[in-house]
Amino acid sequence: MSRLRDPLVIGDVRLPNRIWFPPVARDLAETDGSVTDENVEAYRRVASGGVGTVVVEHCFVDPDGRFSPRQIGVDRDACVPGLKRLARVIRDNGAVPLLQVSHAGSKTLCARRLAPSATMLPGDTDPPEELRADEIPQIVSSFAHAVGRAREAGFSGVEIHGAHGFLLSEFFSPLTNHRVDGYGGGLRERARLALEVVEAARRSAREDFLIGFRLGADDDMDGGLTPVDAVHIAGWLQAAGVNIISVSGGLCGSAPRRWSERQGFFVAQAEMVKRSVTLPVVGVGGITDAAYARVIIERGRVDLVAVGRKLVEDPEWARRALEQ
C-alpha cells in the first residue's frame, strides 16, 4: 500500500512524495513572455511548503499558441534564463520542477485562433481558423524545441498540455475535429498529432528527462470524447514515450459545473486510465481535503494527487498533510 508521504521513482527521477502541484495559471509574466520576479516568488512560496512536484503553469511553445498576454513563454531561446530561475527556486525548496508546454489552439485570447477544423467550441461566437496540413509539422517542431529549452533550463521534465480544449484536446474530440486527412476521422487519427508531439519531445530529451501528458479524458458533452476513448489514447501515449499521465477534463475544461461541487471530480476517469497503463497516473479535481488525498493514494486509485488552488492559498497544506 502506498502512502501520501512515500516517494515515487520514475526512471531516474525521484519524486519525494505523492503531492503534485498542477499547472495553475498566474499571468504574472512580462508581455513578451519573460519570467518576472513575481513568477519566481509565486513558485518559491508553493515549493517551500513540502509539495513533492511542482508543474510550472502552461508555457506557450509558439506565438500563435499563446493563450493570454502575460503567459510565460518557452517559444525562443531568450526565454531560457528566466525559466532557469523558476527551475532553480523550485528545486532549492525541495520539490521536483516540471514545465507544462502548450498550444492554446482556438482558445487563444491574443493570437491566431487555430484549430483542427473551423468548428466553434461551446460558448464561442466566431469559428476558428482551420490548421493547414503544411502547418502541422511546425506545431510538432515547436513542442520539440520547447522541450529542449525546458531541459536546458534545468527542469526534470515537461508536461504536454492535451486537455481543457487547448489544441491537442481539440484534435482528440470528435466535436471539434472534422478533418478528412490523416489527422481526423477515427480516434487513432485524431490522436495522431499528440502522438507525434510526444515522439518528437522524446527525441529532443535525454532518457532521464520525464515526458508527462495532461490528458483531457472526458469532454462531458454529447458526442464528445469519453473516458473509454481516453483509455485507448493513454495506451498509445505510453507506447510513444510518455512517463506519467495527469487526467483532467477535455472540452469541458478543468472544473465542469456538473461535477465541481465535489472534490476529486476527475479521479474516476484517472482510475480508468490507471487500469490500462503501467505508468504513474495523477488524479485531479478540486482536491482540498488531506484525508481524501490519503485515501485515494492508499486505495491505489491513483499514484499522485494534484492539489492546485489550495496550495496557492496555503502552501503549508502539503507539510501538514504529510505529517498526519
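Residues numbered from 1 in each chain as written. Predicted model: local features only at pLDDT ≥ 70, side-chain atom pairs only at ≥ 80, totals over all residues. Heavy atoms only, no water.

Participant: Break down the pairing of strand S10 (residues 244–248) for me, with residues and values.
Facilitator: Counted residue by residue, S10 has five buried out of five residues, so it is predominantly covered. Residues Ile 244, Ser 246 and Ser 248 of S10 are buried on one face, and the alternating residues Ile 245 and Val 247, pointing to the opposite face, are buried as well. Here five bridges tie strand S9 (residues 210–216) to S10, and the two strands are oriented parallel to one another. Paired with Leu 215 across the bridge in S10 is Val 247. Taken together, S9, helix H7 (residues 227–240) and S10 constitute a β-α-β crossover, and its handedness is right-handed. Here S10 pairs with strand S11 (residues 281–283) via three bridges, running parallel. Bridge pairing links Ser 246 to Val 282 in S11. (Buried < 20%, exposed > 50% of the residue type's maximum accessible area, 1.4 Å probe, protein only. Helix = DSSP H or I, 4+ residues; strand = E, 2+ residues; numbered from the N terminus. Pairing = 2+ DSSP bridges. Right-handed = clockwise from strand over helix to strand, strands pointing away.)

Participant: Give me the lowdown on unusual backbone geometry, citing residues and values where you can.
Facilitator: One non-glycine residue, Asp 27, lies in positive phi territory at about 55°. Note that Asp 27 resides in the loop between strand S3 (19–21) and helix H1 (37–47). Its identity as a non-glycine residue notwithstanding, His 164 has a phi of 60°, on the positive side. Relative to the elements of secondary structure, His 164 occurs in the loop between strand S8 (157–162) and helix H4 (167–172).

Participant: Residue-level account of the pattern of salt bridges, with values.
Facilitator: Close approach of charged atoms allows side chains with opposite charge to pair. Taken as a whole and assessed by the stated rule, the structure comprises 19 salt bridges. When the shortest N-O distance is used, the salt bridge between Glu 135 and Arg 112 registers 3.1 Å. Of the two residues, Glu 135 is situated in the loop between strand S7 (129–130) and helix H3 (136–152) and Arg 112 in the loop between strand S5 (96–102) and strand S6 (114–115); the sequence distance between them amounts to 23 residues. A network of salt bridges, in which partner residues are shared, links Asp 64, Arg 112, Glu 129, Arg 132, Asp 134 and Glu 135. (Salt bridge = Lys/Arg side-chain N within 4 Å of Asp/Glu carboxyl O.)

Participant: Just give me the short version of the packing of helix H6 (residues 192–204) against H7, but keep the residues and values in it.
Facilitator: In the contact formed by H6 and H7, the axes pass within 9 Å of each other and the chain directions differ by 25°. Of the possible angle classes, the one that applies to H6 and H7 is roughly parallel. Along this stretch, H6 crosses H7, giving a crossing that reads as right-handed. From H6, Leu 195, Val 198, Glu 199 and Arg 202 reach across to H7, where they touch Trp 236, Leu 237 and Ala 240. Looking at side-chain class alone, the contact of H6 with H7 contains five nonpolar, no polar and two charged residues. (Axes fitted to C-alpha atoms, helices over the stretch in contact; angles between N-to-C directions. Parallel < 35°, antiparallel > 145°, perpendicular 65-115°, else oblique. Left-handed = near helix turned anticlockwise from the far one by under 90°. Contact = heavy atoms within 4.5 Å. Nonpolar A, V, L, I, M, F, W, Y, C, P; charged D, E, K, R; others polar.)

Participant: How would you summarise the sheet that holds S3 if you had to cite specific residues and measurements?
Facilitator: Within the closed barrel, the eight strands sit side by side as S3-S4-S5-S8-S9-S10-S11-S12. Their pairing is parallel. In this sheet, adjacent strand axes meet at a mean angle of 30° when their direction is disregarded. Where S3 meets strand S4 (residues 53–60), two bridges bridge the pair, whose relative direction is parallel. In the strand pairing of S4, Phe 21 is matched with Val 54.

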